[in-house]
Amino acid sequence: MVIISDLIKEEQKRQEETLMLIPSENYASKEVREAVGSVLMNKYSEGYSGRRYYQGNKIIDEIETFAIDKAKELFKVEHVNVQPYSGSPANAEVLFALLNPGDTIMGLKLSSGGHLTHGHPDITFSGRFYKSVQFGTKDDGIIDYNEVENLARKEKPALMIIGTTAYPLILDWKKLGEIADLVGSWLVADISHVSGLVLAGEYPSPVPFTHIVTTTTHKTLRGPRGAMIMVTKKGIEKDPETASKIDKAVFPGLQGGPHNGTTAGIAQALIEADSGDFKKYGKQIVINARYLAEELKNGGLTLVTGGTECHLMVVDLRPIGLSGNIAAEVLEAAGIIVNRNSVPNDSAPPFYPSGIRLGTPGITTRGMTEPEMKIIAGWILKVLDHVKDEKLPEVKEKRGEYIKSFRIKVANDEFLKNIASEVRDLCKKFPMP
Ligand SMILES: *Cc1c(COP(=O)(O)O)cnc(C)c1O
């Protein structure tokens, strides 16, 4: 019989003993985790503070109001909704609130570092219910703002939704705001990855230039899995009804009862983010990322855009002839957890892309700094070199089987086992919260 509590313990051990280098992940504090798993999850509270459809919500009202007020204070926005179940629903809710089906939306392509919810064609809500036009990057992986402006002038989007999941440079919010204003478009800044860096002062805030800001709360913000939709002063000026449109789109438009444990977790994460320690944390994330990027480059790897200005980097594996799947699998066998990722003009399909994405929010939460980045970069270089001759089969149908047998092979590889054990020793010195 499966015992869930045993599996949770196993997962805890996995997290303790491996390096979390996936840039969208983080370790939430014990207080955040306790809030999420608390008795608050037993309560139904459809509606908003003071206007619930259920009795018994006095305390829930207090918690949600606190979370909203804290987010308004920290991000300097006029209105906040903390109920979205996660980042993707939050973005769908914004589109639902402000647009009619068939309106034109514009965003950064997934393959260039955008997100599925930013109008990815065919398979997503945003790409199916709206007319989506998308821009990419130049060959060097960098956004060309002239191209963005030309596309906006040509297509006249009703809404631009811009944010990044795998873009190592800082976005020019001012320029994007000007482009949106030029064509009369809504601008939605999706800062899911970087909202923690924004609060730490390490990434510019889009708030002065945009109408709406969405963010997940579980990435650099280090809260529970959830999201927020924020309306700026500019957003209210564009349409005084913006805030109520957003609230109605969340409930009853697309959601029912809010996840109250998550709301309390968001409140707790915002309290934690409002501290000198969190500013230091944000600063160290970026220092670590830059240092790790330099070490990898010195070791001969090629980075998309040539480096990083934030918490993440994308390694282009084409120059060393390695598939992203092979790199990610072999690193996992060594206790280093990354994810595979497309690179600019990747001719390989998204399921078998030519790059890997690495980030420092998790390992920085554990207290690691430059000396550890040097060690980690050394491991990554050695591990990739160890499989330098591995090739993904040309025939697509054979790739799945190949990866499966490769996984078994690397799990029994002594060289990799030794590195995994060195990784475990390092992890012991930097316990997770
Ligand atoms: C993570 C992310 C999302 C989606 O968040 P989920 O909680 O996974 O639904 C949306 N936009 C951006 C930019 C993200 O990084």
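None of these values were measured; they are calculated from a predicted model.

A. Local environment of the overall build of the protein. Tallying secondary structure elements over the protein gives 17 helices and 15 strands in all. A compact globule built from 433 residues would reach a C-alpha radius of gyration of about 22 Å, and the protein, at 22 Å, matches this within 12%. On the principal axes, the C-alpha backbone points of the protein span a range of 60 × 50 × 45 Å. Per-residue burial over the protein gives 57% buried out of 433 residues. By sequence separation, contacts in the protein at least 24 residues apart represent 73% of the contacts at least 6 residues apart. Only carbon and sulfur atoms are counted for the fraction: they give 54% of the accessible area of the protein, which is about 18900 Å². Positive and negative side-chain charges of the protein, numbering 52 and 55 respectively, have mean locations separated by a distance of 1 Å.

B. Focus on the UniProt feature "modified residue: N6-(pyridoxal phosphate)lysine" (unreviewed entry) in the protein. As recorded in UniProt, the sites labelled "modified residue: N6-(pyridoxal phosphate)lysine" (unreviewed entry) are Lys 219. The residue Lys 219 is located in the loop between β9 (212–216) and β10 (227–231) in this model.

C. Focus on the packing of helix α4 (residues 87–98) against helix α10 (residues 242–254). The geometry of α4 relative to α10 is characterised by a closest axis approach of 8 Å and an angle of 120° between their N-to-C directions. Like other packed secondary-structure pairs, α4 and α10 cross with a definite hand, here right-handed. Contacts from Ala 92, Glu 93, Val 94, Phe 96, Ala 97 and Leu 98 of α4 reach α10 at Thr 242, Lys 245, Ile 246, Ala 249, Val 250, Gly 253 and Leu 254. Of the residues belonging to the contact of α4 with α10, the class tally is 9 nonpolar, 2 polar and 2 charged.

D. Structural view of the environment of Asn 298. Take Asn 298: it is sitting in helix α12 (residues 276–298). Separated by 34 residues in the primary sequence, Asn 298 and Glu 332 place their C-alpha atoms 22 Å from one another.

E. Seen up close, helix α17 (residues 414–429). Over its 16 residues, α17 extends 23 Å from the first C-alpha to the last, a length consistent with the 22 Å expected when each residue adds 1.5 Å. Considered for burial, the residues of α17 that qualify are Leu 416, Ile 419, Ala 420, Val 423, Leu 426 and Cys 427. With its buried residues spanning 120° around the axis, α17 presents them on a single face. Set apart from the buried face of α17 by more than 90 degrees, the exposed residues are Glu 414, Lys 428 and Lys 429. Against α1 (4–17), β1 (19–20), α13 (324–333), β13 (336–337), α15 (370–386) and α16 (399–411) lie the buried residues of α17. One side-chain oxygen of the residue at the start of α17 lies 2.9 Å from the amide nitrogen of Phe 415, identifying that residue as Asp 413.

F. Structural detail: the environment of Val 194. Relative to the assigned elements, Val 194 resides in the loop between β8 (186–190) and α8 (195–200). Once you skip the residues sitting within four places of it in the chain, Val 194 turns out to touch Tyr 203, Thr 220 and His 311.

G. Representation of the domain arrangement of the protein. Each domain of the protein was delimited in the assignment, giving domain 1 (30–273) and domain 2 (276–429). Domain 1 and domain 2 are separated by 29 Å when their C-alpha centres are compared. Each side of the interface is counted separately: domain 1 has 26 residues, and domain 2 has 24 residues. Interface area, domain 1 with domain 2, both sides summed: about 2000 Å², of which 62% is carbon and sulfur. Counting the surface domain 1 buries against domain 2, the share from its top three residues, Pro 168, Glu 202 and Arg 222, is 29%. Applying the counting criterion to the domain 1 and domain 2 interface returns 1 salt bridge. A salt bridge links Lys 283 to Glu 202; its shortest N-O distance comes to 3.9 Å. Listing elements by their share of the side of domain 1 that touches domain 2, those giving two or more residues are α8 and α11 (260–273). The dominant element in the side of domain 1 that touches domain 2, judged by the number of residues it contributes, is α8, at 4 residues. Per-class residue counts for the side of domain 1 that touches domain 2 are 13 nonpolar, 7 polar and 6 charged.

Reading the values: the criteria
- Residues numbered from 1 in each chain as written.
- Predicted model: local features only at pLDDT ≥ 70, side-chain atom pairs only at ≥ 80, totals over all residues.
- Heavy atoms only, no water.
- Helix = DSSP H or I, 4+ residues; strand = E, 2+ residues; numbered from the N terminus.
- Rg over C-alpha atoms; globule rule 2.2 N^0.38 Å.
- Buried < 20%, exposed > 50% of the residue type's maximum accessible area, 1.4 Å probe, protein only.
- Contact = heavy atoms within 4.5 Å.
- Areas by Shrake-Rupley, 256 points an atom, 1.4 Å probe, with all protein chains shown as cover.
- Lys, Arg positive; Asp, Glu negative; His and termini not counted.
- Charge placed at Lys NZ, Arg CZ, Asp CG, Glu CD.
- UniProt positions renumbered as here; feature names shortened; annotations may be inferred.
- Axes fitted to C-alpha atoms, helices over the stretch in contact; angles between N-to-C directions.
- Left-handed = near helix turned anticlockwise from the far one by under 90°.
- Nonpolar A, V, L, I, M, F, W, Y, C, P; charged D, E, K, R; others polar.
- Expected span 1.5 Å × (residues − 1).
- Arc of directions from axis to C-beta.
- Polar contact = N/O pair within 3.5 Å; in protein donor to acceptor, adjacent residues only side chain to side chain.
- Domains from an automatic or database assignment.
- Buried area = accessible area lost by both parts, 1.4 Å probe.
- Salt bridge = Lys/Arg side-chain N within 4 Å of Asp/Glu carboxyl O.

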